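The lines below spell out each chain.
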Amino acid sequence: MERIKGGVTAAKGFQAAGVEANVKYKNRKDMAMIVSGVPCRAAGVFTSNVVKAAPVVWDRELIDNSPYIQAVVVNSGIANACTGRQGYAYCQETAQAAASALHIPENTVLVASTGVIGMQLPMDKITAGVEKLAVSLSDTPEAGTLAAEAIMTTDTISKQVAVQFEAGGKTVTVGGMSKGSGMIHPNMCTMLGFVTTDIAISKELLQEALREDVVDTFNMISVDGDTSTNDTLVVLANGCAENPEITEKNEDYENFVKALHEVNETLAKMMAGDGEGATALFETRVIHAATKEDARTLAKSVICSSLTKAAIFGHDANWGRILCALGYSGAKFDPEAVELYFESEAGRILIYKDGQAADYSEEEATKILSCPAVTVVADMKMGEAQATAWGCDLTYDYVKINADYRS
């Protein structure tokens, strides 16, 4: 597997665009489109929040029932959540506009929205934006970047990645883009993710691969503990690589799963590190846990701890907060057996062992914690299971950003 330049346009047969439509803000790109020249097999996972945005309902119905998918239209600024029947009707109206502009069936157009909850979409601007997108489509890396930038809200950087591997003697590409900076606690933020691939694969295996992979990628990140109404992750596979179609779990399938994992994990970590107001990516790696589920639970508990996140921001080796978060996670373990370490590009240090603080230098710990990516390693001494979770530090700017988000 090889990392290559690009995102959603890296795979054969896909085009993208991003434009300014003035949906809510002026002088910034706020609508994106992804289109395949041929029909795609589609898979998706969505928010577990009982309150689901209209686009989530629309997309789930299409992925479950449409014979194929060919396009996605995304807007930022307004989430189209808690908007009643009118909001759902606007999803259909958006799909109709795209279908007309692209000359494809209405039921092959997915829609996605991100932004403020409770506002209705300005459909005159949405439909005009769809027309601008349709004539701006391109398969260049630059077009993919424009699309990735157009779905941002409080994100500070666009997020995209692409990889290639061999399947059936053909070169296969998997590329993706995502957005998410706040209200990030997926459980499948506002998280939107779109992955394109030119692999030929059955719909059933595509859905299974996606559903299984989110457990250890997007579902292992958290910025603020809030699961959005709009969380959506979609994979489109158009078969343009011309590999023999994957219909069973053979070597080609396993290689695809690895490539999908690389894309999903990379995007997930980029989202965690770009949390609202964040200054550091905060990773927790749990090793030697009793079970895989325990490892996931323990790792997620630490990166979700507000007190631990604040300590990371302050470069404070307050290991008691970490141990506390492990303790209330619900997983069973022996606190006397646990070992805790801090790691970063500045080094590694043991901070807790045998039920008490290790003999470590606070100065060295602060140096390690002052890097832009910090890892806590929790060795549970219980078994062979392990898991990793990603979050970010909790800063003053997080409160500032969310105190006036609707302004």
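For clarity, every value in this text was computed on a predicted model and none was experimentally measured.

Trainee: What am I meant to see in the packing of aromatic side chains here?
Mentor: We describe a pair of aromatic rings using the distance from one ring centre to the other and the angle between the two ring planes. The final tally for this structure, using the stated rule, is two aromatic pairs. Positioned above the aromatic ring of Tyr 341 is the side chain of Arg 348, whose terminal nitrogen or guanidinium carbon lies 4.1 Å from the ring centre.

Trainee: Mind showing me how you'd approach empty space enclosed by the protein here?
Mentor: Rolled over the atoms, a probe as big as a water molecule pinpoints where empty space is left. Of the pockets and cavities examined, the largest cavity occupies roughly 70 Å³. Secondary structure elements with two or more residues in the lining of the largest cavity: β4 (69-78), α2 (84-102) and β5 (109-116). Classifying every residue of the lining of the largest cavity gives 10 nonpolar, four polar and no charged. What the second largest cavity holds in volume is close to 40 Å³. Element by element, the count of residues in the lining of the second largest cavity is highest for strand β3 (residues 31-46), at three residues.

Trainee: When you look at the environment of Thr 266 in this model, what are you seeing that I'm missing?
Mentor: Following the sequence through the fold, Thr 266 ends up in helix α6 (residues 251-273). As for Thr 266 and Leu 307, which are separated by 41 residues in sequence, their C-alpha atoms are 26 Å apart. Beyond its immediate stretch of four places on either side in the chain, Thr 266 contacts Arg 3 and Val 161.

Trainee: Where do I start with unusual backbone geometry in this structure?
Mentor: With the exception of glycine, most residues fall at negative phi, and the peptide bonds are largely trans. Unlike most non-glycine residues, His 315 shows phi in positive territory, near 55°. Mapped onto the elements, His 315 comes out in the loop between α8 (306-313) and α9 (319-327). Phi angles above zero are rare outside glycine, and Lys 381 is one such case at about 55°. Along the chain, Lys 381 turns up in the loop between β14 (373-379) and β15 (385-392). Residue classification places Lys 381 among the partly exposed positions, given a relative accessible area of 42%.

Reading guide: rules and limits
- Residues numbered from 1 in each chain as written.
- Predicted model: local features only at pLDDT ≥ 70, side-chain atom pairs only at ≥ 80, totals over all residues.
- Heavy atoms only, no water.
- Phe/Tyr/Trp six-rings, centres within 6.5 Å; stacked < 30°, edge-to-face > 60°.
- Lys NZ or Arg CZ within 6 Å of the ring centre and 35° of its normal.
- 1 Å grid on protein atoms, 1.4 Å probe; cavity = no way out; pocket = protein on both sides within 12 Å on 5 of 7 lines; lining within 4 Å.
- Points joined across faces, edges and corners; volume = space filled by probe spheres on them.
- Helix = DSSP H or I, 4+ residues; strand = E, 2+ residues; numbered from the N terminus.
- Nonpolar A, V, L, I, M, F, W, Y, C, P; charged D, E, K, R; others polar.
- Contact = heavy atoms within 4.5 Å.
- Buried < 20%, exposed > 50% of the residue type's maximum accessible area, 1.4 Å probe, protein only.

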